[in-house]
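Structural characterization, general
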Amino acid sequence: MRLSLIIGFLILFLSEILKVYFIMPFPGSQQADTIDLTYFIHQYIGYFRTIGLLILIYPLWKSFSNGSKLTKFILGSFTLLWLGVIYMFNFQLTADHMFYQPKNKTFTNGKDSKIAKDKLVIGVVHNGHAKAYPIQLIGYHHQVIDTVGGTPMMITYCTVCRTGRVYLPFVNGKYEQFRLVGMDHFNAMFEDQTTGSWWQQATGEAITGKLKGLTLPSVRSEQMSLSAWLQLHPNSLIMQPDPEFKEEYAGLQNYDTGKGKSNLTTRDSLSWKPKSWVIGILLGKTAKAYDWNQLVKQQIIYDTVEKSNIIVVLENDKKSFHSFRSESPFGTLQLVLKKNQLVDSQSDAVWDMDGKCIAGKYQGSSLPKIEAYQEFWHSWQTFQPNTLIME
């Protein structure tokens, strides 16, 4: 009977704890590949509870009928503790009970915005409409569902990976709703309402569940200071703080500069450490990472990826970056950074930070943009395992 009590309580306690432990940033929880096990426990938690209770019914009944006062007290305490664990691990420590969606979602123009111009934003342009989402705000919410240029979009951010991504919330052509369910390898995960599959924020891929292997359609986005964004898109709308979450936003006041309140979000100022900043680019089938410290020092990095000449440029504010192919129909360009503009040293043609030629013989042409992200090195390395690096 004692063995039945031990087994029954172990099933009840472990199933409740492990289904949250493995998808939240507890010590040691994010290094192992446990996502399928955790998903299995999540999906069948009702069965685990039923099995545990069935094992316990008879020995508990016998113990409360014939056991000593001490036995009754101990078993009663374990039962109450289990109920407490259910409450804590289902209503207090779950991601969607810690990070909520905005209740008052408002946007305004640059003139009326309450967001400081030096704050970092994730910017999106679609169908001629531009919108900016301050990282301090979306970093708390993790995802904001919005419409840009008439198209529903899912603007996401994971502060522990420093990854900003934008997706179309459509699965197999059908509009889908998502909730924040936790994290895997320190990256936020979302659960779709229809199938309960879990989706990785950094890649948009369903990593477990019925839809495993599918990927959400991605939307090009850029990270830069609000000031730099408005220089390129003066008519952009800007997401404003929701008064309901004033305290939560305050906790991310210094996040932009790498000074997070948590060790999980604080930058390592040295290069190529787990929480060092890198610029990751995706070009064709190739992923490559560039050291942020090197970019700050040089402001412009030249490289060749998949036989294409590319440049990674940092604006004078030391916050806003861009990545382009530095080729044109007229041959390879020799670009240098002057006063936040790119000047071809051979022809004196001038490009702005949006890649548009604004003066010179190539006026009207544009430099092709390359997907580029600023994030922690541990994140880029994890989700782009075959990445190349430029030291």
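Residues numbered from 1 in each chain as written. Predicted model: local features only at pLDDT ≥ 70, side-chain atom pairs only at ≥ 80, totals over all residues. Heavy atoms only, no water.

1. Looking at the overall build of the protein
Helix and strand content of the protein: nine helices and 28 strands. Each of the 391 residues in the protein was classed as buried or not, and the buried ones make up 50%. Counted over contacts in the protein with a minimum sequence separation of 6, partners at least 24 positions apart contribute 57%. Of the roughly 18900 Å² of accessible surface on the protein, a fraction of 56% belongs to carbon and sulfur atoms. One finds the centroid of the 38 positive side-chain charges in the protein at a distance of 5 Å from the centroid of its 32 negative side-chain charges. (Helix = DSSP H or I, 4+ residues; strand = E, 2+ residues; numbered from the N terminus. Buried < 20%, exposed > 50% of the residue type's maximum accessible area, 1.4 Å probe, protein only. Contact = heavy atoms within 4.5 Å. Areas by Shrake-Rupley, 256 points an atom, 1.4 Å probe, with all protein chains shown as cover. Lys, Arg positive; Asp, Glu negative; His and termini not counted. Charge placed at Lys NZ, Arg CZ, Asp CG, Glu CD.)

2. Remarks on the environment of Asp256
With respect to the helices and strands, the residue Asp256 is situated in the loop between helix H7 (246–250) and strand E16 (277–283). With a relative accessible area of 8%, Asp256 lands in the buried category. Distance in space between the C-alpha atoms of Asp256 and Val121 is 9.4 Å, their sequence separation being 135 residues. Setting aside chain neighbours within four positions, we find Asp256 in contact with Lys119, Leu120, Ile135, Gln136, Arg162 and Trp277. A polar side-chain atom of Asp256 sits 2.8 Å from the main-chain amide nitrogen of Leu120. (Polar contact = N/O pair within 3.5 Å; in protein donor to acceptor, adjacent residues only side chain to side chain.)

3. Here's the deal with the side chain of Asp146
Within the element layout of this structure, Asp146 appears in strand E4 (residues 143–148). Accessibility expressed as a relative area gives 9% for Asp146, which makes it buried. Of the polar contacts made by the side chain of Asp146, one reaches the side chain of Lys131; its length is 2.9 Å. Setting aside residues up to four positions removed in sequence, Asp146 forms contacts with Lys105, Phe107, Lys131, Tyr133, Thr151, Pro152, Met153 and Ile155.

4. Comments concerning the packing of aromatic side chains
Following the criterion strictly, the structure yields 22 aromatic pairs and no others. For the ring pair Phe9 and Phe78, a centre distance of 5.5 Å and an interplane angle of 40 degrees mean the geometry is tilted. Of this pair, Phe9 sits in helix H1 (residues 2–21) while Phe78 sits in helix H4 (residues 69–92), and the two are 69 residues apart along the sequence. For Phe9, a relative accessible area of 8% translates into the label buried. (Phe/Tyr/Trp six-rings, centres within 6.5 Å; stacked < 30°, edge-to-face > 60°.)

5. Regarding helix H2 (residues 35–43)
All of the buried residues in H2 are Ile35, Thr38, Tyr39, Ile41 and His42. The buried residues of H2 occupy one face: seen down the axis, they fall within an arc of 160 degrees. Those residues of H2 that are buried are in contact with H1, helix H3 (45–66), strand E9 (178–184), strand E10 (187–192), strand E11 (198–200) and strand E12 (206–208). (Arc of directions from axis to C-beta.)

6. Digging into the sheet that holds strand E13 (residues 218–219)
As summarised here, the arrangement of the four strands in space is E4-E5-E6-E13, forming an open sheet in which the pairing is antiparallel. The sheet terminates laterally at E4 and E13, the two strands that pair on one side only. Pairing of strand E5 (residues 151–158) with strand E6 (residues 163–167), which is carried by five bridges, proceeds in the antiparallel orientation. Bridging from a neighbouring strand, Tyr157 pairs with Gly164 of E6. (Pairing = 2+ DSSP bridges.)

7. A look at the side chain of Thr208
Looking at where Thr208 falls in the secondary structure, it is placed in strand E12. Accessibility expressed as a relative area gives 3% for Thr208, which makes it buried. Setting aside its immediate chain neighbours within four residues, Thr208 contacts Ile35, Asp36, Tyr39, Ser197 and Trp198.

8. Concerning unusual backbone geometry
Phi angles above zero are rare outside glycine, and His142 is one such case at about 75 degrees. Here His142 is to be found in the loop between helix H5 (135–141) and E4. If you check the backbone angles, Lys339 has positive phi at about 50 degrees while not being a glycine. The topology assignment puts Lys339 in the loop between strand E23 (335–338) and strand E24 (341–344).

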